[in-house]
Amino acid sequence: MPQPPPVRSTPTRPPRPDASMSLLTNVMDHSLDDGYAEAAARKRADGTGGMPKTLRAKLGLAAGLVLAALVVTVGAAQARVAAPVVAKEREELIDRIDRETEAADKLEGTVDTLRDDVSRRQREALRETGGSAQAELVGILSGATAVHGPGAKLVVNDAKEATSGGDGDPRETSGFSDTGRVRDRDMQRVVNGLWESGAEAVSINGQRLTALSAIRAAGDAILVDNKPLVPPYTVLAVGDGERLSTRFQNSADGLYLHALQESYGIRTSISVENDLRLPAAPSVIVRTAQPITEKGTT
């Protein structure tokens, strides 16, 4: 029995490996949208496809550079012209300040001389009227007369290493930057404590205190009767030296000063002196008060 001829299959083309990635293949083959491609083609046809600098852009850039250079040049020229004028005005202002300061110093010296002359004439007039003893007592108590005698010497100074405080320290509330600085209210308590302890006359750094004296602060400086003082502050108090020193150190103000020394390093020292000399204070001018006579009239 004859066998059928073998069946021969027609060879077929093998499938593409990326047949299943047709979308990705299309994106890769046509990465530029047709609309963008047409626009790019038109720009190339018009000669504007690249971005060359036009003549107008070049001229604008050149004009901007020229304008900037002109502004810098004019500013430099004005600065050179104005510099000598400013320097000259500064020198003239310094010279004027020096002249005015010298004139003020001369006037202050004249005022002190006149005050001394007025005080001397007042004492002479009181002696002539027979009230010598009372006049001298009034002069001592008012500070109008220079005095000397035993007493106590108190020196108050800033801490050796006064540093800027912080964290809301109460000693910074008056405008001083250092917690180790002596302040006006500290000196007020010192002076009041000495008066309370029996001082008969008090001075700070040569400034005699009276019933009208004021101890205040101006910036970081302490003023006594509007005159600035420089530390250390030397306080002289005429009175019974031993008793005055002991009573002050045991008083509330003396303990306050000791607390400043312990807490902030403020330096203090007190000593008993045999003879202290205090200058007279500027004359107190009486404008309103009138003495009462024995009959009750002025």
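In this report, we go over the structure that sits alongside the text. Since we're looking at a predicted model, the values are computed, not measured.

In this section: the overall build of the protein. When helices and strands are tallied, the protein shows 7 helices and 8 strands. Per-residue burial over the protein gives 22% buried out of 298 residues. Of the roughly 21,800 Å² of accessible surface on the protein, a fraction of 57% belongs to carbon and sulfur atoms.

In this section: the pattern of salt bridges. In the structure shown here, the tally under the stated rule is 4 salt bridges. Aspartate 275 is the salt-bridge partner of arginine 277, the closest N and O atoms lying 3.8 Å from each other. For aspartate 275, a relative accessible area of 41% corresponds to the partly exposed category.

Right, let's get into helix α7 (residues 252-264). If you check α7, its first and last C-alpha atoms are 18 Å apart, about what 13 residues at 1.5 Å a residue would give, namely 18 Å. Those residues of α7 that are buried lie in contact with β1 (147-157), α5 (184-196), α6 (241-250) and β8 (267-278). Remark: glycine 265 follows α7 within two positions and exhibits a positive phi of approximately 80°.

This part takes up the packing of aromatic side chains. Applying the stated criterion to the full structure yields 0 aromatic pairs. The ring of tyrosine 256 has arginine 189 sitting right over it, with the charged end atom 4.2 Å from the ring centre.

Read across the sheet, 3 strands follow the order β4-β5-β6 without closing on themselves; strand pairing throughout is antiparallel. The open sheet is flanked by β4 (215-218) and β6 (227-229), the only strands paired with a single partner. Adjacent strand axes in the sheet meet at a mean angle of 40°, parallel and antiparallel pairs treated alike. As judged from the 3 bridges shared by strand β5 (residues 221-224) and β6, these two strands associate in the antiparallel manner. If you follow valine 224 over to β6, its bridge partner there is lysine 227.

A few words now on the nonpolar core. One finds Met187, Ile204 and Val235 to be the most contacted residues of the largest nonpolar core, which totals 24 residues. Secondary-structure elements contributing two or more residues to this core are β1, α5, β2 (201-204), β5, β7 (233-238), α6 and α7. It is α5 that contributes the most residues to this core, 4 residues altogether. Filtering out sequence-adjacent residues up to four positions away, valine 235 remains in contact with Ala152, Lys153, Leu154, Met187, Val190, Leu194, Val202, Ser203 and Ile204. Counting 6 residues, the second-largest nonpolar core is a separate cluster that includes Ala201, Leu236, Val238 and Leu278.

To characterise two packed helices, one gives the angle between the axes of the helices and the distance between these axes. At a closest axis distance of 9 Å, the pairing of α5 and α6 adopts a crossing angle of 130°. Classified by the angle their axes make, α5 and α6 are oblique. Judged by the sense of rotation from one axis to the other, the crossing of α5 with α6 is right-handed. For the pair α5 and α6, contact is made by Val190, Gly193, Leu194 and Glu196 and by Leu244, Arg247 and Phe248, respectively. For the contact of α5 with α6, a count of residues per class yields 4 nonpolar, 1 polar and 2 charged.

Ordered in space as β3-β2-β7-β1-β8, the 5 strands form an open sheet in which the pairing is antiparallel. With partners counted over all chains shown, the strands left at the sheet margins are β3 (207-208) and β8, one partner each. Of the strands in this sheet, β1, β7 and β8 are in contact with α6, which crosses β8 at around 155°.

Glancing now at the side chain of aspartate 184. Take aspartate 184: it is sitting in helix α5. One buried charged side chain, aspartate 184, makes no salt bridge at all; its nearest oppositely charged neighbour is arginine 185, positioned 5.5 Å away. Here alanine 217 takes part through its backbone nitrogen, which lies 3.4 Å from a polar atom of the side chain of aspartate 184.

Below, the discussion takes up the pairing of β2. Of the two faces of β2, both are covered, the one formed by Ala201 and Ser203 as well as the one formed by Val202 and Ile204. Sheet topology places β2 next to β3; 2 bridges connect them, and they run antiparallel. Within β3, the residue paired with isoleucine 204 across the bridge is glutamine 207. From the end of β2 to the start of β3, which pair antiparallel, there are 2 residues, and asparagine 205 there has a positive phi angle of about 50°.

The rules behind the values
Residues numbered from 1 in each chain as written. Predicted model: local features only at pLDDT ≥ 70, side-chain atom pairs only at ≥ 80, totals over all residues. Heavy atoms only, no water. Helix = DSSP H or I, 4+ residues; strand = E, 2+ residues; numbered from the N terminus. Buried < 20%, exposed > 50% of the residue type's maximum accessible area, 1.4 Å probe, protein only. Areas by Shrake-Rupley, 256 points an atom, 1.4 Å probe, with all protein chains shown as cover. Salt bridge = Lys/Arg side-chain N within 4 Å of Asp/Glu carboxyl O. Expected span 1.5 Å × (residues − 1). Contact = heavy atoms within 4.5 Å. Phe/Tyr/Trp six-rings, centres within 6.5 Å; stacked < 30°, edge-to-face > 60°. Lys NZ or Arg CZ within 6 Å of the ring centre and 35° of its normal. Pairing = 2+ DSSP bridges. Axes fitted to C-alpha atoms, helices over the stretch in contact; angles between N-to-C directions. Core = buried A, V, L, I, M, F, W, Y, C linked by side-chain atoms within 4.5 Å. Parallel < 35°, antiparallel > 145°, perpendicular 65-115°, else oblique. Left-handed = near helix turned anticlockwise from the far one by under 90°. Nonpolar A, V, L, I, M, F, W, Y, C, P; charged D, E, K, R; others polar. Lys, Arg positive; Asp, Glu negative; His and termini not counted. Polar contact = N/O pair within 3.5 Å; in protein donor to acceptor, adjacent residues only side chain to side chain.

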